[in-house]
Amino acid sequence: MQTKEMALAVLISLSLVSGTAYFLVSDEETVLSEDIVVLEDPLIQEEGHDHMDASMHNMSSGNIEQISYNPLTNGGNAEVTVADSPDGRTYAYQAGWSEFHITDVTDPYNTTVMGKYTDPNTQLLDIKYLEFSGREYVILQNQLVDPGYADPQVGEWGDPTQVSVVLVDVTDKTNPVWVDSWYDSDHPSGPHNLYTHMIDNEWYIFVANPDYEGCDIAVGEACGGVTIAHLNLQGSAARTLEGVPGSGYGHTVIKVGEYEVAWETTRGGWIYIHDMTVQTWPGDDPNDPRFGKTYVYGAYWEAGLRIFDVSDVPHPTNTPLEYGFIAGGCVVTIGTQLGCNWRAPEVGLWMEYADLDGDGSPDSGYNGNENGGRASYIHYAEPVDEMVDASHLGYPEGEMHLTILSTEVLETSVGTGMSYLLDTTKYEEVNGQVRFLPELIYDYEIPFAEDHFIPGGEEWLLFSPHNADTQIFSKTCDFQDTSHGGTWDGRIYLSSYHAGLWIVDIESLMMAGLEDGNSTDAYFDATVGYHLPHGADGQPLESAFYDFGWTPFLWAAEYHEGYTYLSCITSGLYIVQLDIDAPYATR
């Protein structure tokens, strides 16, 4: 039996806006009065339930509207990124198992697939957009994961073309054009995750390589670490440097360095880089030594959060001689240590996971109570875009820098997977180098988690968190407060595979961090709403790895200008809108 009494204990925060009080319980939805609604537990594990039947998943907290659904052209979808184009329109770029789609979402109620790019090699699990010198591009990855989705007529399984980073020009949305591919010989299984970031007017990519085979830590190789590459695009200052080729295969994506976890600070367990976010420090205090510097926030599984300083990466304008030497060495040696040895320093870490068994140690593979990584498999890391003053909540005056982490849970005996909100403001200086001192503010798990588990087998990952997005809303006279006062609201948009989208209030988690209350009550209070998209029945994928057909099965959620974009692995692209996000919509 699921715990109705626990669910009835608190209101979720959407009642602050709509004037309607929502309670989360396990029973069927029941209207108590005009202003009080009882909502069902959307995580269904009972006899006769079909995870692929869309009609069994028409569940929402009532404050999230499904705006549109586009099935695209086939199943097998992954990361989605949404961007405003110089042509005045807005597009979603959505990775898939064998292709990516470009969808015009300018009118969220009427979306149109404009083009697609088919890659005959392995899955395109990640995609990032960038614009430079009047041209638009996406950067993709191929990873040696699923031979079921590689074209057997193209190359040999394990060829470099099967495990490369791919740069595509998408200026013409109807005709994406290949620009360059790049293979890192240090990482033969290929990249899993990418991130793009501009440093002093030049684009760089950061490529997560979850690989250990053929890797020698003793000589400084990034064994499951991150490759850093400069994009020598048309208009880049690098094209004016002597000895740097301007175009052609292997000349646009140029490796310039790596970073790797400080192994001496790890504690054992399952360690590798999964996802990451890159951010130039958002604070405006010139006396802060981090002012203007750029950091990578990496999710390193049971090595937790790792922060790296990439401010001094070899740069064609800032350090042209170093750039020419390092870039040339990386090209000649195909990225190996013989001539490609610039390393970004690690400047912060956090591994204080939840202690759910109460033994005084963080739950993990090395401490016990691993439970499928419920607390310790740190899969996603994202610093919040803006710093915030939380003094109205009881925190000290001054701006705070926040970072969210989420696990990815394979199977559990109980629970669905933790997320964490960290304070990453504090630092110290050691021998002239900044060291971040992250502290936990509060954790989060789907409020019904104690009543559920992830079975494993064909139901692995079932209710686990996956990717997320965050947004800070600055309040003016036109936008009312929807949380705990102050001058801002903040929300986390968390995709959770078959559990759908969960939206979490940042201020409520911060309040919980100042109180000594019940965790489940705090999770309910911080939950703004949930939505299970259900546009079509699921179909098992022709995959040797991701062979499930559950609907929904969300890979990603991305907030953009009042709407949330959901990429469902098995059914396509959804656009939804939280009621309190509607005032921020620009179209």
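One structure accompanies this document, and this report is about it. Keep in mind it's a predicted model, so treat the numbers as computed, not measured.

### Quick look at the overall build of the protein chain
Looking only at helices and strands, the protein chain has 5 helices and 36 strands in total. Residue pairs in contact within the protein chain that sit at least 24 positions apart in sequence constitute 63% of those at least 6 positions apart. Split by element, the accessible area of the protein chain, about 21,100 Å² in all, is 49% carbon and sulfur.

### A look at the sheet that holds strand β11 (residues 135–141)
Spatial strand order, β10-β11-β12-β13: 4 strands in an open sheet with antiparallel pairing. Where the open sheet ends on each side, the last strands, each with one partner, are β10 (127–132) and β13 (177–182). The sheet shows a mean angle of 25° between the axes of neighbouring strands, direction not considered. Sheet analysis places β11 next to strand β12 (residues 165–169), joined by 5 bridges and oriented antiparallel. Bridging from a neighbouring strand, Gln-141 pairs with Val-165 of β12.

### Thoughts on the state of the cysteines
What the rule picks out here adds up to 1 disulfide. Covalent S-S linkage joins Cys-330 and Cys-340, the inter-sulfur distance amounting to 1.9 Å. Residues Cys-330 and Cys-340 are joined by a disulfide whose S-S torsion is about 80°; by sign, that bridge is right-handed. Of this pair, Cys-330 sits in helix α3 (residues 320–332) while Cys-340 sits in the loop between α3 and β21 (346–350), placing them 10 residues apart in sequence. Judged on exposure class, the residue Cys-330 and its partner Cys-340 are both buried.

### Some points on the environment of Met-198
Mapped onto the elements of the fold, Met-198 is located in strand β14 (residues 193–199). Separated by 33 residues in sequence, Met-198 and Leu-231 have C-alpha atoms that sit 9.9 Å apart. Ignoring any residue separated from it by four or fewer positions in sequence, one finds Met-198 in contact with Phe-132 and Trp-203.

The rules behind these values
Residues numbered from 1 in each chain as written. Predicted model: local features only at pLDDT ≥ 70, side-chain atom pairs only at ≥ 80, totals over all residues. Heavy atoms only, no water. Helix = DSSP H or I, 4+ residues; strand = E, 2+ residues; numbered from the N terminus. Contact = heavy atoms within 4.5 Å. Areas by Shrake-Rupley, 256 points an atom, 1.4 Å probe, with all protein chains shown as cover. Pairing = 2+ DSSP bridges. Axes fitted to C-alpha atoms, helices over the stretch in contact; angles between N-to-C directions. Disulfide = S-S within 2.5 Å. Buried < 20%, exposed > 50% of the residue type's maximum accessible area, 1.4 Å probe, protein only.

Treat this as a map of the structure, not an account of what it does.
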